[in-house]
Amino acid sequence: MQTARKKMKRGYAPKPVRRRDWLPDAPEAWDEWDEMDIATQERVMPLDERERRRTLEQALFAQPGTDPVAAAAALANSGQPDESPLAAMDTAGTVLEISNGLAQVELGERVVRCTIRGALNGQRSLYTNPVTVGDQVVVYVDSTGDDEQGVIQEVLPRRTVLARPDVHASHLQQALVANADQLLIVASWREPALWPELLDRYLVAAERFRLAPVICVNKIDLAEDVAECHGLLSPYRILRYPVVLTSAVSGAGLDALGMLMESRTTVLSGLSGVGKSTLLTAIYPSLDLRTGETSERKHEGKHTTTQATFLRVDPRTAVVDTPGIRSLGLAGLRPEELAAYFPEIGDLALGCRFSDCSHRHEPGCAVQSALETGLIAPSRYHSYAKIYEEISS
Ligand code: GDP
Ligand code: ZN
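Throughout what follows, the structure given in this document is the object of discussion. All values reported here derive from a predicted model rather than from experimental measurement.

Observations regarding the pairing of strand S5 (residues 149-155)
Thought 1: As paired elements, strand S3 (residues 110-116) and S5 share four bridges and run parallel to each other. Counted as the bridge partner of Ile 116 is Ile 152 from S5.
Thought 2: One ladder, built from six bridges, connects strand S4 (residues 136-142) with S5; its direction is antiparallel. Residue Val 137 lies in a different strand from S5, and its bridge partner there is Val 155.
Thought 3: Turn length for the S4-S5 hairpin, with the two strands adjacent in sequence and antiparallel, is six residues.

Now the structure itself:
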């Protein structure tokens, strides 16, 4: 964690020099702070609570090119320098972990333990849990006691949500990860052997939750013939999904994978044993990744745990580890929606004779003909048909 923080500092790009002669002795912290005009306004003329919140939301979500994580961190830092250290205050940050109703929230460079304001539980929502890992939250911090404590007051609008049906109320969803950008699907070539159908299932989940998928096939050092791997993965390349072959043993592909993860929030997925922890540790040696077995044991019996941890790499890059999540994303999916999540099938479906064609045995099916002429990969079609049957029954 310590190293990660240092890295984080180094990760900051040099700031453009700005006029700030209205500040007497500008401490270092102003550097981030005066990047944002709205923060300047807030400094000179304190705004009332509602207006301040609106400004905060605008800063986080409306300004094109503003990275919400960095903006939140800048705002979280901005309140501090001339506040009394004993004062209570509101700041914005990222939820790193939730366990038994307590959230660890990253506020600038520190992590504060927070409870969740009761009123948030009463809000009408599709989700049973009002706050989840990755959420941008407004926190009221009380530093008057020995321990700094906070209360999450508000959850800012989410860009994306990865969810699953709630165990207790299956018509509702449990939000697992908020604001992630992409889903890293890790598989291994051998031990365990690559299973294209599982890859396709993860891809459906990614498409469904609007997370950009990245496919990583690890343990490529165990392949006798790398051309065979390329052949098997070519349907995905044709679909323009990023595909990277890696080996944590030889180091192959690690730079490429690192580049795909840079400046994004990536959710990790894949079977246990494919090498997720090994890969991530090789790319980010300072990350505190828990390996599958221990963390699953740790989570046993804690039914309120979200089973996800937000790991900060640098101000723009993060990895969300979800060790407890084995199956992803197909619950509640209707059969007629499935084709839309197989881009090549969804496109061809427009040419089918029947608008409600399931692409399995109907006459005049454009997908079936494409399969016969080799336009669609048999393995992809096979996954489609298997999932279709499963969700129809
Ligand atoms: P996880 O459950 O997905 O996090 O998998 P781990 O990172 O715990 O790795 C499972 C096993 O695979 C460990 O014994 C690793 O040493 C091994 N492993 C990880 N990456 C590679 C690789 O690229 N090649 C080979 N041959 N073994 C690997
Ligand atoms: Zn059809």
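Don't stop here, the text continues.
Section: the pairing of strand S12 (residues 309-314)
Thought 1: Within S12, five of the six residues are buried, which leaves it mostly tucked inside the rest of the structure.
Thought 2: One ladder, built from five bridges, connects S12 with strand S13 (residues 317-321); its direction is antiparallel. When the sheet's bridge partners are listed, Arg 312 is paired in S13 with Ala 318.
Thought 3: A loop of two residues connects S12 with S13, the two strands running antiparallel in sequence.

Focus on the packing of helix H9 (residues 254-261) against helix H10 (residues 276-283)
Thought 1: Running from amino to carboxyl end, H9 crosses H10 at an angle of 85°, the nearest separation of the two axes being 10 Å. Classed by the angle they form, the pair H9 and H10 counts as roughly perpendicular. Contact residues: H9 offers Leu 254, Leu 257, Gly 258 and Met 261, while H10 offers Leu 279, Leu 280, Ala 282 and Ile 283.
Thought 2: Across the contact of H9 with H10, the residue classes tally to seven nonpolar, one polar and no charged.

With respect to the site of ligand 1
Thought 1: In the vicinity of ligand 1 lie 15 residues, with Asp 221, Ala 248, Gly 273, Ser 277 and Thr 278 positioned nearest.
Thought 2: Within the side chain of Ser 277, a nitrogen or oxygen atom sits 2.4 Å from an oxygen atom of ligand 1.
Thought 3: In isolation ligand 1 has 580 Å² of accessible area, and contact with the protein removes 72% of it.
Thought 4: Top element by residues in the shell around ligand 1 is H10. It accounts for three residues.

Cut-offs used in this document
- Along each chain, the written sequence defines residue order, and numbers are assigned to residues from 1.
- Lettering for chains starts from A, numbering for ligands starts from 1, and both go in the order in which the items are written.
- In keeping with the model being predicted, local features are shown solely for residues with a pLDDT of at least 70 and side-chain atom pairs are shown and tallied solely at 80 or more, while totals for entire chains, interfaces and linings include all residues.
- Calculated side-chain values reflect all of the structure's heavy atoms, with hydrogen atoms and water omitted.
- Pairing between two strands requires that DSSP report at least two bridges joining them.
- Starting at the N terminus, helices and strands are each numbered in turn, a helix being any DSSP run of H or I of at least four residues and a strand any DSSP run of E of at least two.
- Relative accessibility thresholds used throughout: buried, under 20% of the residue-type maximum; exposed, over 50%; partly exposed, between the two (1.4 Å probe, protein chains only).
- Axis definition: a line fit to C-alpha positions, over the contact stretch in the case of helices; interaxial angles, taken between N-to-C directions, run 0 to 180 degrees.
- Convention used here: angles under 35 degrees read as roughly parallel, angles over 145 as roughly antiparallel, angles from 65 to 115 as roughly perpendicular, and any remaining angle as oblique.
- Whether two residues are in contact is decided by their heavy atoms, any of which lying within 4.5 Å being enough.
- Gly counts as polar in this scheme, as do all residues outside two lists: the nonpolar Ala, Val, Leu, Ile, Met, Phe, Trp, Tyr, Cys and Pro, and the charged Asp, Glu, Lys and Arg.
- Summary of the distance rule: residues count as near a molecule or strand when at least one heavy atom falls within 4 Å of that molecule or strand.
- Nitrogen and oxygen atoms within 3.5 Å of one another constitute a polar contact, given that in protein one can donate a hydrogen and the other can accept it, and given that sequence-neighbouring residues count only through two side-chain atoms.
- For accessible areas, the Shrake-Rupley method is used with a probe of radius 1.4 Å. Any residue's cover is judged against the shown protein chains and nothing else.

Read these as spatial facts, not as claims about activity.
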